[in-house]
Amino acid sequence: MTTQDMLDERYGRGRSPARRWAIAAGVLVAVGLIALFGWFTVRNALNAVDSDTTSFDVADEHSVTLGFQITSPPGSAVACAIEAQDEQHGVVGWRVVELPASELHARAFREVIPTTALATTGFVNSCWVLSPSAQ
C-alpha cells in the first residue's frame, strides 16, 4: 500500500468515479467545441470570394465601365455588388451582377454601371457565393 492510499484510508478520502466521469465529459465537450470551431473556419474559407478592381473607365456622366477579377470556388455562381462614386465619395451608381458558375478558379469581367451623375471611380464593393437554390 502506498503512502497516499494509507492517508486516504486514514482520513476517509476516496477517489470518486463520478469525478473522473465529470472530467472526461468536460474534455469531450471541449474537444467537440474545438472541432466545431475548426469546421466553421474551414467551411467559410472554402466559400470565400476575393475580388480585385483592375480598371475603370468613366465614359460620361451616365455610365462607368468597370474591369474586375474574382477568385471563387470552382463550380459556384457568384454575385458581386459594384459601385461608382463621385469626388465626395458619394455613390452615384451601383448594381449587383450575378456571375455564372465556372470550373475556373479565377475569372475576369467587364461590367457597365449606370450612374446618375459624373463618377470619378468605380470598384467592387463585395462578392459572395450564391446558394444553390438562388441559381
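Residues numbered from 1 in each chain as written. Predicted model: local features only at pLDDT ≥ 70, side-chain atom pairs only at ≥ 80, totals over all residues. Heavy atoms only, no water.

### A word on the pattern of salt bridges
Pairing of side chains with opposite charge becomes possible as their charged atoms draw close.
Step number 1: Under the defined criterion, the tally for this structure stands at one salt bridge.
Step number 2: In this structure, Arg 95 and Glu 111 form a salt bridge, with 3.3 Å as the shortest nitrogen-oxygen distance. Remark: Glu 111 occurs in strand β5 (residues 106–114) and Arg 95 occurs in strand β4 (residues 91–99); sequence separation between them is 16 residues. (Salt bridge = Lys/Arg side-chain N within 4 Å of Asp/Glu carboxyl O. Helix = DSSP H or I, 4+ residues; strand = E, 2+ residues; numbered from the N terminus.)

### Things to note about the sheet that holds strand β2 (residues 63–71)
Step number 1: Spatial ordering of the open sheet is given by β1-β2-β5, a layout of three strands whose pairing is antiparallel. Edge positions in the sheet fall to β1 (50–60) and β5, since each of these pairs with one other strand and no more. Across the sheet, the mean angle separating the axes of adjacent strands is 20° when strand polarity is ignored.
Step number 2: As judged from the nine bridges shared by β2 and β5, these two strands associate in the antiparallel manner. Counted as the bridge partner of Thr 65 is Val 112 from β5. (Pairing = 2+ DSSP bridges. Axes fitted to C-alpha atoms, helices over the stretch in contact; angles between N-to-C directions.)

### Here we look at the environment of Val 64
Step number 1: Inspection of the secondary structure puts Val 64 in strand β2.
Step number 2: For the pair Val 64 and Thr 121, spaced 57 residues apart in sequence, the C-alpha to C-alpha distance is 8.0 Å.
Step number 3: Non-local contacts of Val 64, meaning those with residues more than four positions away in its chain, are made with Phe 56, Asp 57, Val 58, Ala 84, Glu 111, Val 112, Ile 113, Thr 115, Ala 119 and Gly 122. (Contact = heavy atoms within 4.5 Å.)

### Observations regarding unusual backbone geometry
Step number 1: With phi around 65°, His 89 is a residue other than glycine that occupies positive phi space.
Step number 2: With respect to the element layout, His 89 can be found in the loop between β3 (78–85) and β4.

### Examining the sheet that holds β4
Step number 1: Taken in spatial order, the three strands of this open sheet run β4-β3-β6, and their pairing is antiparallel. The sheet is open, and its two edges are formed by β4 and β6 (121–129), each paired on a single side. Averaged over neighbouring strand pairs, the angle between their axes works out to 20° when direction is ignored.

### Quick notes on a nonpolar patch on the surface
Step number 1: Residues Val 29, Leu 33, Leu 36, Trp 39, Phe 40, Val 42 and Leu 46 make up a contiguous nonpolar surface patch of about 700 Å² in total accessible area.
Step number 2: In this fold, Leu 36 is placed in helix α2 (residues 17–46).
Step number 3: Take Leu 36: its relative accessible area is 42%, and that puts it in the partly exposed class. (Patch = residues over 30% accessible without salt bridge, like charges linked within 9 Å, V, L, I, M, F, W, Y side chains within 5 Å. Areas by Shrake-Rupley, 256 points an atom, 1.4 Å probe, with all protein chains shown as cover. Buried < 20%, exposed > 50% of the residue type's maximum accessible area, 1.4 Å probe, protein only.)

By themselves, these observations are geometric and do not establish any function.
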